[in-house]
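# Architecture and fold: a report
So you can see what is in the structure, the chains are spelled out below.
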Amino acid sequence: MATATPSPMKKNEMLSELSSSLGITKKEANAFLEGFVELAYKETKKNGVFIIPGLGKLVKKNKPKRKGRNPATGEAIMIPAKLVVKFSLSKTCKDAIVPPKK
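Residues numbered from 1 in each chain as written. Predicted model: local features only at pLDDT ≥ 70, side-chain atom pairs only at ≥ 80, totals over all residues. Heavy atoms only, no water.

It is worth spelling out a positive patch on the surface at this point. Together, K61, K63, R66, K82 and K86 line one region of the surface with positive charge. Listing elements by their share of the positive patch, those giving two or more residues are β2 (56-63) and β5 (82-89). In this fold, K63 is placed in strand β2. Judged by relative accessible area, which is 32%, K63 ranks as partly exposed. (Patch = residues over 30% accessible without salt bridge, like charges linked within 9 Å, V, L, I, M, F, W, Y side chains within 5 Å. Areas by Shrake-Rupley, 256 points an atom, 1.4 Å probe, with all protein chains shown as cover. Salt bridge = Lys/Arg side-chain N within 4 Å of Asp/Glu carboxyl O. Lys, Arg positive; Asp, Glu negative; His and termini not counted. Charge placed at Lys NZ, Arg CZ, Asp CG, Glu CD. Helix = DSSP H or I, 4+ residues; strand = E, 2+ residues; numbered from the N terminus. Buried < 20%, exposed > 50% of the residue type's maximum accessible area, 1.4 Å probe, protein only.)

Below is the structure:
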């Protein structure tokens with residue numbers, strides 16, 4: 001008999017946890033969460049980086065054009081340059097989730 005895999009926390013569950021641990025209403029927790037996400041988007045777009053202490057950082061990067069191959073035909077192609085957003089975890093976060101080996 002296979003065991004069920006745990007599902008990720010949904011927004012409603014997150015709001016319930018935040019509201020009970022902080023002693024605020026779900027509506028206030030939702031307003032905070034939406035404001036925080038909006039701030040992250042705005043600052044990353046403006047400054048190219050948004051740091052969340054203890055969790056990680058959002059970084060906007062330019063990827064240069066590069067050579068590639070069409071997998072169907074094997075033909076060499078040029079992949080155009082593009083702007084991407086990456087999230088890097090902080091060392092504190094990594095160590096809290098998966099402790100380092102001793």
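Taking 1.5 Å of rise per residue, the 22 residues of helix α2 (residues 26-47) would be expected to cover 32 Å, and the 31 Å separating its terminal C-alpha atoms lies within 8% of that figure. Check the buried side of α2 and you find it contacts α1 (11-22), β1 (49-52) and β2. Downstream of α2 by a residue or two, G48 has a phi angle that is positive, lying close to 85 degrees. (Expected span 1.5 Å × (residues − 1). Contact = heavy atoms within 4.5 Å.)

Before going further, it helps to spend a moment on the side chain of S90. Among the structural elements, S90 can be located in the loop between β5 and α3 (91-97). Beyond its immediate sequence surroundings of up to four residues, S90 is in contact with G54, L55 and G56.

This part takes up the sheet that holds β1. Ordered by their spatial adjacency, three strands build an open sheet running β1-β2-β5, and the pairing between neighbours is antiparallel. Either end of the sheet is taken by a strand with one partner, and the two such strands are β1 and β5. Shown here is a sheet whose adjacent strand axes are inclined to one another by a mean of 20 degrees, direction ignored. Where β2 meets β5, eight bridges bridge the pair, whose relative direction is antiparallel. Residue pairing across strands places L58 opposite F87, the latter belonging to β5. Contacts between α2 and the sheet are confined to β1 and β2, with β1 contributing the most and set at about 140 degrees to the helix. (Pairing = 2+ DSSP bridges. Axes fitted to C-alpha atoms, helices over the stretch in contact; angles between N-to-C directions.)

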